[in-house]
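Summary of the model geometry
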Amino acid sequence: MLVQKPLITKSVTSCATNAFSDILCQKLIQNSDVKGVEETNTLEKERLFHAAATGLVWSGPVTHFWYIILFGKLVSFNEPMLALASQILLDATLFSPVVVSGYFALRSILEGTGWKGIREKWSTRLFSTVVGAWKFWPAVNVVNFSIVPMEFRVLYINVLSVFWSGYLTYVNSEKIVSRQSKE
């Protein structure tokens, strides 16, 4: 399936990973002392749907096409270490800000807050979240870009993105919780 329909397979895998990450995040937060979070055993199904939909229509597809660009003619050094360093640098400086911006934009649209929500998340969360990406993804990508075969790279990051997606869904919902607690 991955070879025959790579985009669909990667999109569905990202959907499942985002959903699983959100379930874990919701359960961990429910069982913690996070301020403004009610103790409950039920999942926020709408939030779960938004996380899954974001994986399906954003995270999976954008990563699929980014890898085609990144590993195509964008970086073509004969020296493997120079190519790897360039790929890591380009991924961090170009892809991370785009993918995080798109994540917040799509989540805001799905949540019904539109441009106001997008601007609010970009102004309050974007920079710190991209910095978080810079702390997480370069180490992951050293292995991904140097060892993992091309057709399995999105799958590999999907597995590790259980942690990253959990962080993203937490950061995304944190502002929503804060805003609701002020009302």
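You'll find the structure just up there.
About the cut-offs
Residues numbered from 1 in each chain as written. Predicted model: local features only at pLDDT ≥ 70, side-chain atom pairs only at ≥ 80, totals over all residues. Heavy atoms only, no water. Helix = DSSP H or I, 4+ residues; strand = E, 2+ residues; numbered from the N terminus. Rg over C-alpha atoms; globule rule 2.2 N^0.38 Å. Buried < 20%, exposed > 50% of the residue type's maximum accessible area, 1.4 Å probe, protein only. Contact = heavy atoms within 4.5 Å. Lys, Arg positive; Asp, Glu negative; His and termini not counted. Charge placed at Lys NZ, Arg CZ, Asp CG, Glu CD. Phe/Tyr/Trp six-rings, centres within 6.5 Å; stacked < 30°, edge-to-face > 60°. Core = buried A, V, L, I, M, F, W, Y, C linked by side-chain atoms within 4.5 Å. Salt bridge = Lys/Arg side-chain N within 4 Å of Asp/Glu carboxyl O. Axes fitted to C-alpha atoms, helices over the stretch in contact; angles between N-to-C directions. Left-handed = near helix turned anticlockwise from the far one by under 90°. Nonpolar A, V, L, I, M, F, W, Y, C, P; charged D, E, K, R; others polar.

1. Let's talk about the overall build of the protein chain
Tallying secondary structure elements over the protein chain gives six helices and zero strands in all. Along the chain direction, N to C, the helices and strands of the protein chain fall in the order α-α-α-α-α-α. Whereas a compact globule of 183 residues would reach a radius of gyration of roughly 16 Å, the protein chain reaches 17 Å, a difference of no more than 12%. Taken along the three principal axes of its C-alpha coordinates, the protein chain extends 55 × 35 × 30 Å. Expressed as a percentage of its 183 residues, the buried residues of the protein chain come to 45%. Nonlocal contacts in the protein chain, meaning residues at least 24 apart in sequence, comprise 74% of its contacts between residues at least 6 apart. The protein chain carries 17 positive and 13 negative side-chain charges, and their two centres are separated by 5 Å.

2. A word on the packing of aromatic side chains
A full pass over the atoms with the stated rule returns nine aromatic pairs. Ring centres of Phe71 and Phe145 lie 5.0 Å apart, and the angle between their planes is 80°; this geometry places the pair in the edge-to-face category. In this pair, Phe71 sits in helix H2 (residues 45–74) while Phe145 sits in helix H5 (residues 126–146), placing the two residues 74 residues apart along the sequence. The class of Phe145 is buried, set by a relative accessible area of 6%. Residues Phe136 and Trp164 carry aromatic rings whose centres are separated by 6.1 Å and whose planes lie at 15° to one another, so their mutual orientation is stacked. Of this pair, Phe136 sits in helix H5 while Trp164 sits in helix H6 (residues 153–182), and the two are 28 residues apart along the sequence. For Phe136, a relative accessible area of 25% puts it in the partly exposed group. Trp164 sits in the buried class, given a relative accessible area of 8%.

3. Notes on the nonpolar core
In terms of nonpolar packing, the biggest core is built from 25 residues, with Tyr67, Leu70, Val100, Phe104, Trp137, Phe145 and Trp164 touching the most fellow members. Elements represented by at least two residues in this core include exactly H2, helix H3 (80–111), H5 and H6. The element best represented in this core is H3, accounting for eight residues. Not counting residues within four places of it along the chain, the set of residues in contact with Trp164 comprises Val100, Thr129, Gly132, Ala133, Phe136 and Trp137.

4. Details of the pattern of salt bridges
Where charged atoms of side chains with opposite charge meet at close range, the side chains can pair. The tally for this structure, following the rule as stated, stands at three salt bridges. For Arg47, the salt bridge goes to Asp22, with nearest N and O atoms at 2.7 Å. With a gap of 25 residues between them, Arg47 in helix H2 and Asp22 in helix H1 (residues 6–30) connect regions that are remote in the sequence. Of the two residues, Arg47 and Asp22, neither departs from the other in class, the shared state being buried.

5. Brief notes about the packing of H2 against H5
Close contact between H2 and H5 brings their axes to 13 Å; oriented N to C, the two are set at 65°. Handedness of the crossing formed by H2 with H5: right-handed. Only Asn141, Asn144 and Phe145 of H5 make contact with H2, whose side of the interface consists of Tyr67, Leu70 and Phe71. Across the contact of H2 with H5, the residue classes break down as four nonpolar, two polar and no charged.

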